[in-house]
Amino acid sequence: MGFRARGFVLAGDDEPADLIVVNTCAVTAEATRKSRQWLRRVHRANPLARLVVSGCLASLEAADLARESGVDLVVENRDKDRLVEIAAAALELPIMPELAIVGSANPLFARGRQRAFVKVQDGCRHACTFCVTTLARGSERSRPLPEIVEAIRRLAASGVREALLTGVHLGGYSDATGADLGALVRAVLRETDIPRVRLGSLEPWDLPPGFWGLFADPRLMPHLHLPMQSGSDAVLRRMARRCKSAEFARLAEQGRAAVPGLNLTTDIIVGFPGETAPEWQETLAFVAAMGFGQVHCFSYSPRAGTRAASLPGQVDADTKRRRVLELQALAQRLQQQAFAAQVGRQTAVLREGQPRAGQPGDLFGYTPNYLPVRIDAHPAAAPVGAVMEVRIRGIDPDGAALRGYLSEPAG
Ligand code: SF4
């Protein structure tokens with residue numbers, strides 16, 4: 001999480017990483033041997049990556065480990081809380097501010113054996129005034145369509161159940177043959193047997209022609225994260241965003257008419273320079289009217305090199321804090337409405353590897369439209385990656401997830 005907060009993005013399952021952190025164990029001689037073996041394997045598979053080692057073995061045998069081939073840095077357990085900071089300083093890592101990851105789906109979705117991230121595109125041609133992506137990631141490039149299809153075939157063969165297509169500017173996907181995102185999704189659905197395909201964050205003005213028709217295939221999951229950033233057209237203009245609030249409303253209406261159960265989620269930047277009280281009220285009204293299933297709030301902070309950093313009317317910290325709380329309360333209400341609409345329904349839930357924080361012992365997964373569900377069943381009832389038929393019986397008392405039970409044996 002510390003790396004993510006600094007704008008780092010998790011590498012896709014089939015792409016090389018720039019930095020790898022290995023947490024070692026030394027509880028037994030066997031664990032020590034395996035940790036060392038794992039380190040060598042990681043280095044062989046990623047010879048160009050910077051390798052950071054931490055954990056118990058790193059504490060017991062720091063000097064020895066530092067001499068291991070490929071190890072760039074050893075962080076002992078006592079410094080583990082500061083691992084990100086230490087690695088950033090020692091390895092002179094480029095620290096990208098958190099908004100560098102606007103446009104990336106990685107912070108939104110859980111990954112694991114059940115779900116693979118497939119990066120199809122990088123860079124962005126746009127120049128939203130708050131965003132450092134263009135500065136940090138350069139111009140757009142898209143991975144060839146056949147290469148992506150092949151990668152997903154391999155993932156499906158290895159047991160992955162869901163491919164999440166990601167890109168900094170996913171809607172800008174266009175390979176050398178001119179295939180756009182629509183063509184890519186169609187090819188993945190036609191030429192692979194991956195059970196589920198999901199789209200990462202998409203700029204709302206970038207949906208390809210015939211987009212809603214893609215969802216006629218039930219393997220394309222009915223959830224879209226469309227980062228709107230504000231509901232005020234004046235703020236959107238200052239942000240140099242390309243979608244006005246009324247255009248978004250039309251889009252949401254079309255999507256919901258075309259795709260049953262479509263869950264729309266979004267990002268909102270709170271306290272953008274010059275955001276007046278009436279403009280903020282416009283954003284709140286917009287978010288409420290759109291009925292987002294989830295809202296990620298970012299409190300605006302100026303990023304060096306961006307145009308927004310030098311805009312007049314920077315909003316003070318107290319106002320931003322108050323607005324974030326208001327938006328979070330609204331988002332919470334909307335999420336409960338989205339949950340309530342599911343109660344009594346039967347739905348297919350993909351078993352995740354990790355239970356949602358604070359609820360160990362439950363079976364946990366997401367519905368096709370990416371709502372979290374805790375299931376009354378022992379974790380052994382279904383393996384990670386199983387798609388389970390679940391009857392939703394209510395909302396968990398903490399309000400953080402739906403509650404359901406297995407209505408058919410897991411498959
Ligand atoms: S569209 Fe705007 S916010 Fe999204 S990645 Fe491009 S510049 Fe950044």
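Residues numbered from 1 in each chain as written. Predicted model: local features only at pLDDT ≥ 70, side-chain atom pairs only at ≥ 80, totals over all residues. Heavy atoms only, no water.

Now for the overall build of the chain. Per the secondary structure count, the chain includes 12 helices and 15 strands. A buried classification covers 52% of the 411 residues belonging to the chain. For the chain, the proportion of contacts with a sequence separation of at least 24, taken over those separated by at least 6, is 70%. Put simply, the chain shows about 18100 Å² of open surface, and 54% of that area lies on carbon and sulfur atoms. (Helix = DSSP H or I, 4+ residues; strand = E, 2+ residues; numbered from the N terminus. Buried < 20%, exposed > 50% of the residue type's maximum accessible area, 1.4 Å probe, protein only. Contact = heavy atoms within 4.5 Å. Areas by Shrake-Rupley, 256 points an atom, 1.4 Å probe, with all protein chains shown as cover.)

The pairing of strands in a sheet comes from backbone hydrogen bonds and takes either a parallel or an antiparallel form. One open sheet holds the four strands; their spatial order is E5-E4-E6-E7, and the pairing between them is mixed. Here the strands that pair on one side only, and so sit at the sheet edges, are strand E5 (141-142) and strand E7 (196-199). Where strand E6 (residues 162-167) meets E7, four bridges bridge the pair, whose relative direction is parallel. The partner of Leu164 across the bridge, within E7, is Arg198. (Pairing = 2+ DSSP bridges.)

For Arg323, the location among the structural elements is in helix H12 (residues 317-340). For Arg323, a relative accessible area of 7% corresponds to the buried category. A polar contact is formed between the side chain of Arg323 and the side chain of Glu275, at a distance of 2.8 Å. Once residues lying within four places of it in the same chain are set aside, the contact partners of Arg323 are Val270, Glu275, Thr276, Ala277, Trp280 and Val315. (Polar contact = N/O pair within 3.5 Å; in protein donor to acceptor, adjacent residues only side chain to side chain.)

Time to look at the site of the ligand. Within the structure, the ligand sits among 12 residues, and Cys124, Cys128, Cys131, Glu203 and Arg241 are positioned closest to it. Class assignment of the residues belonging to the shell around the ligand gives a composition of seven nonpolar, three polar and two charged. (Near = heavy atom within 4 Å. Nonpolar A, V, L, I, M, F, W, Y, C, P; charged D, E, K, R; others polar.)

Next up on the list: unusual backbone geometry. Positive phi, normally seen in glycine, also occurs at Ala240, with a value near 60°. Counting through the fold element by element, Ala240 comes out in the loop between helix H9 (233-239) and helix H10 (245-258). A relative accessible area of 29% means that Ala240 is categorised as partly exposed. The phi dihedral of Tyr370 falls on the positive side, at around 60°, and the residue is not glycine. Tracing the chain through its elements places Tyr370 in the loop between strand E12 (363-366) and strand E13 (372-375).

The buried fraction of strand E2 (residues 50-55) is high, at five of six residues. In this structure, E2 lies alongside strand E3 (residues 71-74), joined through three bridges in parallel fashion. Looking at E3, one finds that Leu51 is bridged to Val71.

In the structure shown here, the tally under the stated rule is 10 aromatic pairs. An aromatic cluster is present here, built from Phe130, Phe272 and Tyr300 joined pairwise through their rings. (Phe/Tyr/Trp six-rings, centres within 6.5 Å; stacked < 30°, edge-to-face > 60°.)

As a working rule, side chains carrying opposite charge can pair if their charged atoms are close by. Enumeration according to the criterion identifies 20 salt bridges in this entry. In this structure, Arg153 engages Glu150 in a salt bridge whose closest nitrogen and oxygen atoms are separated by 2.8 Å. Linking Arg153 with Glu150, this pair stays in helix H7 (residues 145-157), spanning three residues, or about one helical turn. Between Asp376 and Arg393 there is a salt bridge whose closest N-O contact spans 2.8 Å. Here Asp376, found in the loop between E13 and strand E14 (387-395), pairs with Arg393, found in strand E14; they are 17 residues apart in sequence, far enough to count as distant. Of the residues examined, Asp376 reaches a relative accessible area of 35% and is grouped as partly exposed. Classification of Arg393 as partly exposed rests on a relative accessible area of 48%. Where salt bridges share partners, they join Arg374, Asp376, Arg393, Asp396, Asp398 and Arg403 into one cluster. (Salt bridge = Lys/Arg side-chain N within 4 Å of Asp/Glu carboxyl O.)

Once that is clear, we can look at the confidence of the model for the chain. Per-residue pLDDT for the chain averages 86, and the proportion of residues at 70 or more is 85%. Long-range and interchain partners of residues 94-105, a stretch whose pLDDT sits below 50, account for 45 contacts in this model, where long-range means more than four residues apart. (pLDDT = per-residue confidence, 0-100.)

This brings us to the packing of H7 against helix H8 (residues 181-191). Axis separation between H7 and H8 bottoms out at 10 Å; the angle between their running directions is 40°. Where H7 crosses over H8, the two elements pack in a sense that is right-handed. Of the residues in H8, those in contact with Leu145, Ile148, Val149, Ile152 and Arg153 of H7 are Ala183, Leu184, Ala187, Val188 and Glu191. In the contact of H7 with H8, the residues fall into eight nonpolar, no polar and two charged. (Axes fitted to C-alpha atoms, helices over the stretch in contact; angles between N-to-C directions. Left-handed = near helix turned anticlockwise from the far one by under 90°.)

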